[in-house]
Amino acid sequence: MREGRTREVPALRELFRDRFRIGAAVSTRVLASQGAFIAKQFNSVTAENEMKMAEIHPAEDAYAFEAADRLFQFAETHGMGVRGHTLIWHNQTPDWIFEGPDGGPASRELLIERMRSHIRTVVGRYRGRAYAWDVVNEAVEDKRHERLRRSKWLDLIGEDFLRLAFEAAHEADPQALLFYNDYNETDPVKRDKIRALVHTLLEQGTPIHGIGLQAHWNIYGPSIDEIRQAIEAYASLGLRLHITELDLSLYAFEDRQVLKGRAPSERLAELQRLRYEEIFRLFLEYAGVIDSVTFWGVADDYTWLDHFPVPGRKNWPFLFDEQRQPKAAFWSVAELAAAQENRRG
Ligand code: HAH
């Protein structure tokens, strides 16, 4: 397979059909303008923001389901699955849920009841239609010597907020696969904390079925060896793995240089191609435990990385360029999938 304008562009969803779903994080805006492209390339979608609690449940007695309804509708029209993201998180969560009737913090009982009610309502509405949910997002602390991230969920409910959230989700949709999702998931110290947390949840009989590796990586790291060790560590719990938010930044994490508006240099593009190739080779090797690989966006015209962690730092993290044309990295990944498919016969 060679780069070229005349050659027909294969679909990722077909190339990986027998191995894992290929997903993209989207908004209803992106669906409206790029729907045909997304439906051709991907067979899973995730709402980048529109199903987060602050958006879907802005006030105690108000839900805003329109965007999520449209996402499910789009997915079903095009034979795609939906990964629900996310139920319980410390970010993009509305203040009202943590506030008591007297203006002080909500009591443990009240917060548990609100959490259950949120999960029952959202998961229940799409019962049988989301193949997986990120039930709890990013509850593990990055600092080496602390285990759980401090958050209002932890402060007001205590550690069992995680188990309670998974139980509520399981009740609302017994078919859905329930995930714990986190970033810096290949860092050995955080990896072991994530594994220990999920192990404890399993020991308590919590209905948890998988671990989501966000995979916000860059062209310099993490190494394939670190990624492999994380996959092995999580899979050894007997759980399914989803790659939930893949993007490959062209910068080291907090690099302050800005390649403003210009296309990346050939050197960076080539590094990115090589990284995508080795990463997908590894995913294919672990296709027995990885069920789904979702990119945190569609193409280089829009990515959250343009604003994070360095505001105004344009990034090009995907397999498709700003015109949605396949990049060299796309062709390498496609070639890899096709070659393995041939070998398998
Ligand atoms: C993710 N956090 C979230 O899960 C997702 O919902 C959001 O749209 C973007 C990224 C990642 C993250 C990070 O990589 C570093 C620090 C904080 C959060």
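Further up the page is the structure itself.
Attention in this report is confined to the structure presented alongside it.

Conventions adopted
- Residues numbered from 1 in each chain as written.
- Predicted model: local features only at pLDDT ≥ 70, side-chain atom pairs only at ≥ 80, totals over all residues.
- Heavy atoms only, no water.
- Salt bridge = Lys/Arg side-chain N within 4 Å of Asp/Glu carboxyl O.
- Helix = DSSP H or I, 4+ residues; strand = E, 2+ residues; numbered from the N terminus.
- Buried < 20%, exposed > 50% of the residue type's maximum accessible area, 1.4 Å probe, protein only.
- Phe/Tyr/Trp six-rings, centres within 6.5 Å; stacked < 30°, edge-to-face > 60°.
- Near = heavy atom within 4 Å.
- Polar contact = N/O pair within 3.5 Å; in protein donor to acceptor, adjacent residues only side chain to side chain.
- Areas by Shrake-Rupley, 256 points an atom, 1.4 Å probe, with all protein chains shown as cover.
- Nonpolar A, V, L, I, M, F, W, Y, C, P; charged D, E, K, R; others polar.

Within this structure, the stated rule accounts for 25 salt bridges. With a shortest N-O distance of 2.8 Å, R83 and D134 are connected by a salt bridge. Taken as a pair, R83 in strand 3 (residues 81-88) and D134 in strand 4 (residues 130-137) lie far apart in primary sequence, 51 residues in all. Here the two residues R83 and D134 agree in accessibility, since each one is buried. Taking the shortest distance from any N to any O, the salt bridge between E277 and R273 comes out at 3.8 Å. Placement of the pair is E277 and R273 together in helix 10 (residues 266-285), with a separation of 4 residues, close to one helical turn. Neither E277 nor R273 differs from the other in exposure class; each is buried. Salt bridges sharing partners connect three or more residues here, namely R108, D160, R163 and E167.

All chains considered together, the criterion is met by 17 aromatic pairs. For the pair F280 and F295, a centre-to-centre distance of 6.1 Å together with 20° between the ring planes defines the contact as stacked. A residue pair is termed long-range when its members are at least 10 positions apart, and F280 in helix 10 and F295 in strand 9 (residues 290-295) qualify at 15 residues. Across this residue pair, the class does not change: F280 and F295 are buried.

Let's shift gears to the site of the ligand. Close to the ligand lie 13 residues, the nearest being K52, H85, E138, E245 and W296. Within the side chain of H85, a nitrogen or oxygen atom sits 2.7 Å from an oxygen atom of the ligand. E138 is positioned with one of its side-chain polar atoms (N or O) 2.7 Å from a nitrogen atom of the ligand. When the free accessible area of the ligand is taken as 430 Å², the share hidden by the protein chains comes to 86%. The class makeup of the residues in the shell around the ligand is 5 nonpolar, 4 polar and 4 charged.

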